[in-house]
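Structure assessment
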Amino acid sequence: MTIRRMDHVGVVVDDLAAATAFFVELGLELQGEAPVEGGWVDRVLGLEGVRAEIAMLETPDGHGRVELSTFHAPTGPAGDGQAPANAPGLRHLSFEVDDLDAVLARARARGADLVGEVERYEDRYRVCYVRGPEGIIVELAERLG
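Here is a short report on the structure shown in this document. (Residues numbered from 1 in each chain as written. Predicted model: local features only at pLDDT ≥ 70, side-chain atom pairs only at ≥ 80, totals over all residues. Heavy atoms only, no water.)

1. Thoughts on helix H3 (residues 100-109)
All of the buried residues along H3 are Leu100, Val103, Leu104 and Ala107. Down the axis of H3, the buried side of the element spans an arc of 100°, and every buried residue falls inside it. By the N-cap criterion, in which a side-chain oxygen at the helix start approaches the backbone nitrogen of a residue two or three places on, H3 is capped by aspartate 99, the distance to aspartate 101 being 3.2 Å. Looking one or two residues past H3, glycine 111 carries a phi angle of roughly 95°, positive in sign. (Buried < 20%, exposed > 50% of the residue type's maximum accessible area, 1.4 Å probe, protein only. Helix = DSSP H or I, 4+ residues; strand = E, 2+ residues; numbered from the N terminus. Arc of directions from axis to C-beta. Polar contact = N/O pair within 3.5 Å; in protein donor to acceptor, adjacent residues only side chain to side chain.)

Written out as structure tokens, the structure reads:
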């Protein structure tokens with residue numbers, strides 16, 4: 001048996017509405033929102049008394065999804081919203097965009113900040129990192145040529 005495909009990336013946030021609005025502004029499409037609780041999710045997550053809400057977003061081409069979730073119970077440890085890009089763990093999500101400047105302007109309007117600078121990678125991409133809500137780092141890459 002082998003892995004068939006990557007289904008989605010899960011990101012835990014405190015403010016589900018703000019995080020959802022940020023990713024919609026980048027160009028992802030909201031597929032749905034739902035409460036999640038019960039014995040099945042307790043057993044999957046190895047936690048007790050899970051009460052959460054999720055929002056599933058998808059890239060316009062339908063090949064990538066992001067699941068945002070917020071937990072009302074049980075309480076978890078606080079994250080480091082200012083962790084640098086080289087800290088251990090899942091550090092960023094990457095999206096190819098048609099117009100880097102336009103997407104960056106929309107992200108900034110939602111409170112995102114550049115982590116570094118917009119740079120050119122060889123003759124292939126213009127690329128940058130932005131830090132969005134709750135410290136989520138998003139790489140934006142515009143294919144050149």
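2. A few points about the pairing of strand E3 (residues 51-58)
Of all eight residues making up E3, six are buried, and the element is well covered by its neighbours. Both strand E2 (residues 29-37) and E3 contribute to a ladder of eight bridges, which runs antiparallel. Residue glutamate 29 lies in a different strand from E3, and its bridge partner there is glutamate 58. One ladder, built from eight bridges, connects E3 with strand E4 (residues 65-73); its direction is antiparallel. By the bridge assignment, glutamate 58 is partnered in E4 with arginine 65. Hairpin connection, E3 to E4: the antiparallel pair is bridged by six residues, and glycine 62 has positive phi, about 80°. (Pairing = 2+ DSSP bridges.)

3. Observations concerning a nonpolar patch on the surface
A contiguous nonpolar surface patch, about 410 Å² in accessible area, is contributed by Trp40, Val44, Leu45 and Leu47. Turning to its location among the elements, tryptophan 40 is positioned in helix H2 (residues 39-45). (Patch = residues over 30% accessible without salt bridge, like charges linked within 9 Å, V, L, I, M, F, W, Y side chains within 5 Å. Areas by Shrake-Rupley, 256 points an atom, 1.4 Å probe, with all protein chains shown as cover. Salt bridge = Lys/Arg side-chain N within 4 Å of Asp/Glu carboxyl O.)

4. Examining the packing of helix H1 (residues 16-26) against H3
Where H1 contacts H3, the axes come no closer than 9 Å and their chain directions differ by 160°. Between H1 and H3, the angle is such that the two are roughly antiparallel. H1 and H3 meet at a crossing whose hand is right-handed. On H3, the residues that touch Phe22, Glu25 and Leu26 of H1 are Val103, Arg106 and Ala107. For the contact of H1 with H3, the residue count by class is four nonpolar, no polar and two charged. (Axes fitted to C-alpha atoms, helices over the stretch in contact; angles between N-to-C directions. Parallel < 35°, antiparallel > 145°, perpendicular 65-115°, else oblique. Left-handed = near helix turned anticlockwise from the far one by under 90°. Contact = heavy atoms within 4.5 Å. Nonpolar A, V, L, I, M, F, W, Y, C, P; charged D, E, K, R; others polar.)

5. Overview of H1
Among the residues of H1, Leu16, Ala19, Thr20, Ala21, Phe22, Phe23 and Leu26 are the ones counted as buried. Among the residues of H1, the N-terminal cap falls to aspartate 15, whose side-chain oxygen and the backbone nitrogen of alanine 17 are separated by 3.3 Å. Directly after H1, the chain includes glycine 27, whose backbone phi takes a positive value near 125°.

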